[in-house]
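Chain residues, written in single-letter form:
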Amino acid sequence: MSGVKRVASVIGLPAEHREEYERHHAAVWPGVLDRLAQSNIRNYSIYRHGELLFAYFEYTGEDYEADMAAIAADPETQRWWAVQEPLQRPLDERGPGEWWAELPEIFHTD
């Protein structure tokens, strides 16, 4: 892989979980942030619109699948997900094996 892979995805966030979810993300665990950096994730943002979360990040590595697998295998990230996943509501339209529904890129300019 060369260059930057841009990844955008969405997931539901029920209103009753909004405060807790935003509180957690105001202080993301350092080990989770370290693993993201080690797996070549840059410029990661999450936005909220009502009960929908929109995430965007840029991948700068050479092996996306291996780096995503390293994130998924990380014990600190697994503990983080165990706290976050009950707060989220995956969309019915997500692809097989997806938790967050990945969005196709329609337009980009630098």
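Our structure's up above, just so we're on the same page.
Residues numbered from 1 in each chain as written. Predicted model: local features only at pLDDT ≥ 70, side-chain atom pairs only at ≥ 80, totals over all residues. Heavy atoms only, no water.

Participant: Which residues make up the side chain of Gln88, and what values go with them?
Facilitator: Of note, Gln88 is situated in the loop between α4 (75-84) and β4 (101-103). With near-sequence residues (within four places) excluded, Gln88 lies in contact with Ile11, Gly12, Pro14, Tyr21, Trp99 and Trp100. (Helix = DSSP H or I, 4+ residues; strand = E, 2+ residues; numbered from the N terminus. Contact = heavy atoms within 4.5 Å.)

Participant: Go over helix α3 (residues 64-73), please, and point to the residues and values.
Facilitator: Among the residues of α3, Tyr64, Asp67 and Ile71 are the ones counted as buried. Seen along its axis, α3 keeps its buried residues to an arc of 70 degrees; they face one direction. Along α3, the residues that are exposed and aim more than 90 degrees away from the buried face are Glu65 and Ala73. Contact partners of the buried residues in α3: β1 (5-12), α2 (30-38), β2 (41-49), β3 (52-59) and α4. (Buried < 20%, exposed > 50% of the residue type's maximum accessible area, 1.4 Å probe, protein only. Arc of directions from axis to C-beta.)

Participant: Report on the nonpolar core, specifying residues and quantitative values.
Facilitator: With nine residues, the main nonpolar core is built from Val7, Val32, Leu36, Ile41, Phe57, Tyr59, Tyr64, Ile71 and Trp80. Of all the secondary structure elements, the ones that give two or more residues to this core are α2, β3 and α3. Those residues in contact with Val7 that sit more than four places away from it in its chain are Ala55, Tyr56, Phe57, Tyr64 and Glu102. Within the second largest apolar cluster, seven residues are counted, among which are Ile11, Leu13, Ala55 and Trp100. (Core = buried A, V, L, I, M, F, W, Y, C linked by side-chain atoms within 4.5 Å.)

Participant: Give me the lowdown on the packing of α3 against α4, citing residues and values where you can.
Facilitator: Where α3 meets α4, the closest approach of the two axes is 5 Å, and the angle between their N-to-C directions is 70 degrees. Here α4 runs roughly perpendicular to α3, going by the angle between their axes. The segment α3 lies against α4, with Ile71, Ala72 and Ala73 engaging Pro75, Thr77, Gln78 and Trp81. (Axes fitted to C-alpha atoms, helices over the stretch in contact; angles between N-to-C directions. Parallel < 35°, antiparallel > 145°, perpendicular 65-115°, else oblique.)

Participant: Explain the pairing of β1 to me, using residue names and the numbers behind them.
Facilitator: Of all eight residues making up β1, six are buried, and the element is well covered by its neighbours. Of the pairings in the sheet, the one linking β1 to β3 comprises eight bridges and is antiparallel in character. Bridge pairing in β3 places Arg6 opposite Glu58. Sheet analysis places β1 next to β4, joined by three bridges and oriented antiparallel. Its bridge partner lying in β4, Ser9 is registered against Glu102. (Pairing = 2+ DSSP bridges.)

Participant: Describe the packing of helix α1 (residues 18-25) against α4, listing the residues and the values that go with them.
Facilitator: Where α1 meets α4, the closest approach of the two axes is 11 Å, and the angle between their N-to-C directions is 160 degrees. One way to sum up the angle between α1 and α4 is to call them roughly antiparallel. Along its contact with α1, which presents Tyr21, His24 and His25, the element α4 presents Trp80, Val83 and Gln84.

Participant: Lay out the pairing of β3 with the relevant residues and their values.
Facilitator: Two faces belong to every sheet, and in a regular strand the side chains alternate between them. Pairing geometry for β2 and β3, over seven bridges, is antiparallel. Looking at β3, one finds that Arg42 is bridged to Glu58. Hairpin connection of β2 to β3: two residues between the antiparallel strands, including Gly50 at a positive phi of 60 degrees.

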